[in-house]
Amino acid sequence: MKKLVTLACLVSLTFAAFAAGNLKADDCDIGKFNSKKEAKSGFTFVPAKGISVEDKSKEPIKNGDVAYAKRIKLGGVEDSIQFSAKKGEVVKIVATSSSKDDAREVSLRNVAGKKIGTLKAPAWNMASPKFTEGTIEIPADGDYVVRGVSGGGLYIFEIDVK
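Since the model is a prediction, treat every value here as computed from it, not as a measurement.

**Observations concerning the confidence of the model for the protein**
Then comes step 1: Model confidence for the protein is summarised by a mean pLDDT of 89, while 88% of its residues fall at 70 or above.
Then comes step 2: Within the model, pLDDT remains below 50 along residues 1–19, and this stretch shows 4 contacts once partners closer than five positions in the same chain are excluded.

**What to know about the pairing of strand E4 (residues 43–46)**
Then comes step 1: Only one face of E4 is buried: it carries Phe43 and Phe45, and the other face, with Thr44 and Val46, is open.
Then comes step 2: Sheet analysis places strand E3 (residues 37–40) next to E4, joined by 3 bridges and oriented antiparallel. Pairing of Lys37 across the sheet is with Phe45, part of E4.
Then comes step 3: Hairpin connection, E3 to E4: the antiparallel pair is bridged by 2 residues, and Gly42 has positive phi, about 95 degrees.
Then comes step 4: Across 4 bridges, the pairing between E4 and strand E9 (residues 80–85) is antiparallel. Bridge pairing in E9 places Phe45 opposite Ile81.

**Details of the pattern of salt bridges**
Then comes step 1: Under the definition given, this model contains 4 salt bridges.
Then comes step 2: Note that Asp27 and Lys40 form a salt bridge whose closest N and O atoms lie 3.4 Å from each other. Note that Asp27 is positioned in the loop between strand E1 (22–24) and strand E2 (31–33) and Lys40 in strand E3, a separation of 13 residues in sequence.
Then comes step 3: Overall, Asp27 belongs to the partly exposed group, its relative accessible area being 41%.
Then comes step 4: Linking Lys37 and Asp29 is a salt bridge whose minimum nitrogen-to-oxygen distance equals 3.7 Å.

**Some points on the packing of aromatic side chains**
Then comes step 1: One pass over the full model with this rule turns up 6 aromatic pairs.
Then comes step 2: A centroid spacing of 5.6 Å and a plane angle of 35 degrees characterise the contact between Phe33 and Phe45, whose relative ring orientation is tilted. A residue pair is termed long-range when its members are at least 10 positions apart, and Phe33 in strand E2 and Phe45 in strand E4 qualify at 12 residues.
Then comes step 3: Ring centres of Phe43 and Phe83 lie 5.6 Å apart, and the angle between their planes is 40 degrees; on these two criteria the pair is classed as tilted. Highlighted residues: Phe43 in strand E4 and Phe83 in strand E9, separated in sequence by 40 residues.
Then comes step 4: Given a relative accessible area of 2%, Phe83 falls into the buried group.
Then comes step 5: Within the aromatic cluster, the residues linked to one another by ring pairs are Tyr68, Trp124, Phe131, Tyr155 and Phe157.
Then comes step 6: One residue, Arg71, lies across the ring of Trp124, its end atom 5.0 Å from the ring centre.

Cut-offs used in this document
- Residues numbered from 1 in each chain as written.
- Predicted model: local features only at pLDDT ≥ 70, side-chain atom pairs only at ≥ 80, totals over all residues.
- Heavy atoms only, no water.
- pLDDT = per-residue confidence, 0-100.
- Contact = heavy atoms within 4.5 Å.
- Buried < 20%, exposed > 50% of the residue type's maximum accessible area, 1.4 Å probe, protein only.
- Helix = DSSP H or I, 4+ residues; strand = E, 2+ residues; numbered from the N terminus.
- Pairing = 2+ DSSP bridges.
- Salt bridge = Lys/Arg side-chain N within 4 Å of Asp/Glu carboxyl O.
- Phe/Tyr/Trp six-rings, centres within 6.5 Å; stacked < 30°, edge-to-face > 60°.
- Lys NZ or Arg CZ within 6 Å of the ring centre and 35° of its normal.

Structural data, given as structure tokens:
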């Protein structure tokens with residue numbers, strides 16, 4: 001029995017080490033963060049200008065059947081959200097530009113700064129928001145960041161790695 005319990009623990013730890021993750025803005029503490037902070041297990045805010053988690057619970061933001069009560073605001077291209085991923089995993093980023101007039105790009109980069117891929121973040125429209133579409137595949141095991149490409153800020157609602 002002891003061996004069976006030990007084996008079960010080892011198997012679960014192995015899966016945990018390779019488990020993908022999900023960060024929803026709704027899982028984060030509301031506030032402004034000016035120093036590195038764990039947002040959720042496996043995801044870390046890495047601010048330069050400051051990363052804010054904004055309360056939108058009075059007017060939840062709808063993306064199809066999903067409603068978000070919070071959003072993460074990255075203040076510019078220096079602010080990022082960092083996580084680890086394995087080769088072959090796929091990253092989906094639900095985001096919009098924080099500008100009401102200009103679409104922006106959200107990028108996935110390795111921590112050394114090499115761009116892995118980008119998604120278009122449509123201009124912000126509360127009445128009828130449009131979000132990024134598509135996914136980016138992870139090319140190698142390692143640490144990655146989500147951040148803007150140029151211009152101003154982004155609203156991040158969710159990052160899903162599987």
